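Structure at a glance
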2 protein chains.
Amino acid sequence: MKIKPVGPIPAGYDVLNGELAIGGQTASELVRAAGKTPLFVYSRAHIDRRIAELRAALPARVGINYAVKANPHPDVIAHFAGLVDGFDIASSGELAKLQAAGIDPARVSFAGPGKRDDELEAAIAAGVTLNCESAGEAARALSIGQRLGTPPRIAIRVNPDFEIKGSGMKMGGGAKQFGVDQELVPELARKVIDEGAVWRGLHIFTGSQALSADAIIEAQGNVLNLAAQLTQEIGVPLPKLNMGGGFGIPYFPGDEALDLARVGEALHGLIDAASPVLADAELCIELGRYLVGEAGVYLCRVIDRKVSHGVTFLVTDGGLHHQLAASGNFGTVVRRNYPVAIATRYDGEADQVVNVVGCLCTPLDRLADQAWMPTADVGDIVAVFCAGAYGATASPADFLGHGAAAEVLV
Amino acid sequence: MKIKPVGPIPAGYDVLNGELAIGGQTASELVRAAGKTPLFVYSRAHIDRRIAELRAALPARVGINYAVKANPHPDVIAHFAGLVDGFDIASSGELAKLQAAGIDPARVSFAGPGKRDDELEAAIAAGVTLNCESAGEAARALSIGQRLGTPPRIAIRVNPDFEIKGSGMKMGGGAKQFGVDQELVPELARKVIDEGAVWRGLHIFTGSQALSADAIIEAQGNVLNLAAQLTQEIGVPLPKLNMGGGFGIPYFPGDEALDLARVGEALHGLIDAASPVLADAELCIELGRYLVGEAGVYLCRVIDRKVSHGVTFLVTDGGLHHQLAASGNFGTVVRRNYPVAIATRYDGEADQVVNVVGCLCTPLDRLADQAWMPTADVGDIVAVFCAGAYGATASPADFLGHGAAAEVLV
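Bear in mind the structure is a predicted one, so any value in this text is a computation, not a measurement. (Residues numbered from 1 in each chain as written. Chains lettered and ligands numbered in written order. Predicted model: local features only at pLDDT ≥ 70, side-chain atom pairs only at ≥ 80, totals over all residues. Heavy atoms only, no water.)

Digging into the overall build of chain A
Short version of the rule: The secondary structure listing takes helices from DSSP runs of H or I that are at least 4 residues long and strands from runs of E that are at least 2 residues long, numbered from the N terminus. Just to be clear, the radius of gyration here is over C-alpha atoms, and the globule rule we use is 2.2 Å times residues to the power 0.38. Exposure categories follow from relative accessible area, calculated using a 1.4 Å probe and restricted to protein chains: below 20% of the type maximum is buried, above 50% is exposed, and the middle band is partly exposed. In what follows, a contact means two residues having at least one pair of non-hydrogen atoms within 4.5 Å. Accessible surface area values rest on a Shrake-Rupley calculation with a 1.4 Å probe, where residue burial reflects the displayed protein chains alone.
Of the regular secondary structure elements, chain A holds ten helices and 20 strands. For 410 residues, the compact-globule estimate of 2.2 N^0.38 gives 22 Å, and chain A sits close to it at 23 Å. For chain A, the spread of C-alpha atoms along the three principal axes comes to 70 × 45 × 35 Å. For chain A, the residues scored as buried account for 63% of the 410 residues in total. At a minimum sequence separation of 6, the contacts of chain A that also span at least 24 residues come to 73%. For chain A, the exposed surface amounts to about 13800 Å²; the carbon and sulfur share of it is 50%.

Right, here's the structure in full:
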């Protein structure tokens, strides 16, 4: 059978007693401690290292926000509380999680095109900044603020005329449900300022999951230029600019890691050369996947090993109900293999081509196709890497009644 | 802007006071009673009518099983308890739901390629039939049965050499994680019988979501022939044959409903002509989507109406976190529109092209693209039809923290 490559395993994972080890514990030990598979393991050390790399590369003036939607596990949020400058949320459900973690709402901004009135009210009452996505939303926010006697903190999310080239997911450019078309922003900004909002600036998101430094640098230059232009048109100083994110991680064979040093170096230059109207603006970037994606590993156990028409299947107790993106069923056209390995034979020599599948009763439930791996059997543990972001919560956990996976931060 | 058609609205939905009505209640009334949007509404009348159509079309000898994975809502399960002959489950989580509904485990069979030991134990202890998917699983079941002192009720799921042609999802033919390759079935069947299992027969599943009567008739003929051949090779009478399902429903523009009368008529003939070795076998088909898919409507509310670059967006409080398949992100290559309508302007004249999107902060979250609809505004209710199967539980409800939708059976 033809071999299909698997994606690149992120740096920083070790072998211990022949097994994959995370934070000094083997996969078997982690599973034993958690009491079950499937299990998501998130690594503090990976998160810390990634933040340190960013702090070293980026200008000190650029703050780092964590996009909670990437991984809203309470322990992950609590860990980020001491590491990042701000938090971006996408719902009042995420706000409640930040409040439970004791995070100051002044550090929080709320984006999303369909904010309900009760969500606006919760955010305004808490003092969260609203990244308003439309004139209608801004009007609702102002009216709710008036009723509460609390001026809403309002930034405007801009739908820019450009986007990150080659971005995995396009969030700007052309007609979009996100943000306010750039030419309509100045009028709306003046209106919300006039009507008593606390002006919090601009949010310009241009894409996500980009691996090209050039594309990100170009987008960041465009964002700074657009922010300067809009600030001049608005006519009041810009308090803050959320420059968006878009930093990608390698998932698939052939993907190369983003050259962060080059992005950082270029950003120094871009900021030095930026318009003086931005001189006093607080700057930040917003990252989710880049901060936590490679820090997570999904462990599941081989329940059956079977051969059908000469093809070997490892059937696990995991699957697309926790790893929808890895199964190739979430916004993907051509399925490719994520980085997948046999955690309990992590230093074993590959000697067999296998299909690793989940336990769901659907042919969509695939974790690795035609992968070249050490021979594994019932009881072995499979690791799917790059599982830290958009895994547990971006998958249909209730599908077929198997329920949620366990999650642990180590 | 170019208009893209929406899928066909299923029969049996009415207009009342200008609104979509389900079970005699308008969309507004249903939402008011539920206290929230988004809301799944499941219609008893639709389910009852579908069952009646099947009973009228199919030979009396053919039982109807409900595949719980299509919609495991407790009220839906309870409603089916009085309508169908058996239930098919895919996990011990689904078993627990049937037990909570007081359903006799003797009516239940359990398929799925990754059954854990604790699931096998729960099923054997309850007296559920296991549709064994491999020799390894059968051995585990026998060993657990011995430990419990309860002979397991075992059927074998067959991986047939054929499948339903043009099936939306292929579950047979070639190398698969499902079932036992047909040539290996007789030996395994004799083994489990010899080792003391209660022999429950064969499960031959050949595909799902097929709209072609010809393809289903051909597959059913092949299933009966294969069952007869395997029964002769096994050498003991066949207690039961689960012939699989595969009956599809129209989701997309141009889809035509399955010609059930023709399937039923052909099945009478196939059974009359079937080998005498099947004369005493209990026969059943297993349906999920066909029983409940068209009986469900997903209602969500318009939160914002905005124009970007000349394109009108209706932003709703619903989205792919409840309607992953409708968004085009679940096993779909080319996105097409489900049947979608403005429930609160159900008899309104279409006069505008709009994009209906969800509230999630991702461009994947689309409910209808370039749809021709009556002008709707904030507060209106959008209906997505064909939402009764693989909706609430086959979607990432925790994504972005908006939480689950409400569900009601009327």
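Past the structure itself, the notes keep going.
Focus on the relation of the copies chain A and chain B
For the record, the criterion: For the least-squares superposition of copies, only C-alpha atoms count, and only for residues with pLDDT at least 70 in both.
For the pair chain A and chain B, the superposition axis carries a translation of 0.0 Å, the fit reaches an RMSD of 0.0 Å, and the rotation angle comes to 180°. Expressed as a symmetry operation, the mapping of one chain copy onto the other fits a two-fold axis. Taking C-alpha positions as the reference, the residue of chain A nearest the rotation axis is A:P396, at 2.0 Å. In this assembly the copies share their binding face: 100% of the residues contributing to the interface of chain A also contribute to that of chain B.

Comments concerning helix α8 (residues 213-234) of chain A
Rules: Multiplying 1.5 Å by the helix residue count minus one yields the expected span of that helix.
Across its 22 residues, α8(A) extends 31 Å between first and last C-alpha, which sits within 8% of the 32 Å expected from 1.5 Å per residue. A positive backbone phi angle near 90° is found at A:G235, which sits one or two residues after α8(A).

Some words on the nonpolar core
Here is the rule we go by: To qualify as a nonpolar core, a set must consist of buried Ala, Val, Leu, Ile, Met, Phe, Trp, Tyr and Cys residues joined through side-chain atoms within 4.5 Å.
A:L202 and B:L202 are the most contacted members of the largest nonpolar core, which has 234 residues in total. Once you skip the residues sitting within four places of it in the chain, B:L202 turns out to touch B:A155, B:I156, B:V158, B:V185, B:A227, B:L230, B:I234, B:L238, B:K240, B:L241 and B:N242.

A short note on the pairing of strand β17 (residues 352-357) of chain B
Residue and element names in this part refer to chain B. The following threshold applies: At least two bridges found by DSSP between two strands are what make those strands a pair.
Summarising burial for β17: five of the six residues are buried, a large majority. In the sheet, strand β15 (residues 311-316) pairs with β17 via four bridges, with the strands oriented parallel. By the bridge assignment, T312 is partnered in β17 with V354. Where β17 and strand β18 (residues 366-373) come together, five bridges link them in antiparallel fashion. The residue of β18 that forms the bridge with V356 is A368.

Focus on the domain arrangement of chain A
All names here are of chain A. Stated formally: Domain delimitation in this document rests on an assignment produced automatically or drawn from a domain database. What counts as buried area is the accessible surface, traced by a 1.4 Å probe, that two parts surrender upon association, with contributions from both included. The term salt bridge refers to a side-chain nitrogen of Lys or Arg lying within 4 Å of a carboxyl oxygen of Asp or Glu. Polar contacts here mean pairs of N or O atoms no more than 3.5 Å apart (in protein, one a potential hydrogen donor and the other a potential acceptor; neighbouring residues in sequence count only if both atoms are side-chain atoms). Residue classes follow a fixed rule: Ala, Val, Leu, Ile, Met, Phe, Trp, Tyr, Cys and Pro count as nonpolar, while Asp, Glu, Lys and Arg count as charged, and any other residue, Gly among them, counts as polar.
As far as domains go, chain A holds domain 1 (14-42 + 293-409) and domain 2 (72-287). Using only C-alpha atoms to locate each centre, domain 1 and domain 2 end up separated by 34 Å. The interface is formed by eleven residues belonging to domain 1 together with eleven residues belonging to domain 2. A combined buried area of about 1000 Å² lies between domain 1 and domain 2, and 69% of that area is made up of carbon and sulfur atoms. Between the two partners, domain 1 and domain 2, sit zero salt bridges. At the boundary of domain 1 with domain 2, the tally comes to zero residue pairs in polar contact (both at pLDDT 80 or more). Residue composition of the side of domain 1 that touches domain 2, grouped by class: five nonpolar, three polar and three charged.

Observations regarding the packing of helix α8 (residues 213-234) of chain B against helix α9 (residues 260-272) of chain B
All names here are of chain B. So the rule is basically this: Think of each axis as a best-fit line through the C-alpha atoms, taken over the contacting stretch in the case of a helix, with angles from 0 to 180 degrees between the N-to-C directions. The cut-offs work like this: below 35 degrees is roughly parallel, past 145 is roughly antiparallel, 65 to 115 is roughly perpendicular, and the gaps in between are oblique. Crossings are classed by handedness, with left-handed meaning an anticlockwise turn of the near helix from the far one by less than a right angle and right-handed meaning a clockwise turn.
Interaxial distance between α8 and α9 falls to 10 Å at its minimum, and their mutual angle equals 20°. Classified by the angle their axes make, α8 and α9 are roughly parallel. Considering how the two elements wind past one another, α8 and α9 form a crossing that is right-handed. Residues A213, D214, I216, I217, Q220, G221 and L224 of α8 pack against R262, V263, A266, L267, L270 and I271 of α9. Here the residues of the contact of α8 with α9 sort into nine nonpolar, two polar and two charged.

Examining the interface of chain A and chain B
On the side of chain B, 66 residues touch chain A, which itself brings 66 residues to the contact. Summed over both sides, the interface between chain A and chain B buries roughly 5200 Å², with carbon and sulfur atoms accounting for 62% of that surface. Connecting chain A to chain B are zero salt bridges. At the junction of chain A and chain B, the tally comes to 26 residue pairs in polar contact (both at pLDDT 80 or more). Among the secondary structure elements, those contributing two or more residues to the side of chain A that touches chain B are α4 (92-100), α6 (135-148), β9 (153-159), β14 (296-308) and β15 (311-316) of chain A. With five residues, the top contributor of residues to the side of chain A that touches chain B is β14(A). Residue classes in the side of chain A that touches chain B are distributed as 27 nonpolar, 21 polar and 18 charged.

Comments concerning a nonpolar patch on the surface
To keep things clear, this is the line we draw: Patch building starts from residues that exceed 30% relative accessible area and form no salt bridge, then joins like charges within 9 Å and nonpolar side chains (Val, Leu, Ile, Met, Phe, Trp, Tyr) within 5 Å.
On the surface, a cluster of nonpolar side chains totalling about 420 Å² of accessible area is made up of A:V333, A:V334, B:V333 and B:V334. Position of A:V334 among the secondary structure elements: in the loop between β15 and β16 (340-342).

What about the sheet that holds strand β1 (residues 14-16) of chain A?
Neighbouring strands of a sheet are bound in pairs by backbone hydrogen bonds; such pairs are parallel or else antiparallel. Residue and element names in this part refer to chain A. If you walk across this open sheet you meet the three strands as β1-β2-β3, and the pairing is antiparallel. Each end of this open sheet is capped by a strand with a single partner; those strands are β1 and β3 (25-26). Across two bridges, strand β2 (residues 19-22) lies against β3 in antiparallel orientation. The partner of A21 across the bridge, within β3, is T26.

Some details on the pairing of strand β5 (residues 62-67) of chain A
All names here are of chain A. Among the six residues of β5, six are classified as buried, and the element is accordingly described as predominantly covered. Here β5 shows no split at all, with V62, I64 and Y66 on one side and G63, N65 and A67 on the other all buried. Bridge count for β5 against strand β13 (residues 282-287) is five bridges, and the pairing is parallel. From the neighbouring strand, V62 faces β13, where its bridge partner is L283. Relative to strand β6 (residues 86-89), β5 is paired through three bridges, and the arrangement is parallel. Across the sheet, residue Y66 finds its bridge partner in β6, namely F87.

Overview of the sheet that holds strand β2 (residues 19-22) of chain B
All names here are of chain B. The strand order across the open sheet built from three strands is β1-β2-β3, with neighbouring strands paired in antiparallel fashion. Unpaired on one side and paired on the other, β1 (14-16) and β3 (25-26) mark the two borders of the sheet. Relative to β2, β1 is paired through three bridges, and the arrangement is antiparallel. Each residue of the ladder has a partner; that of D14, found in β2, is A21.

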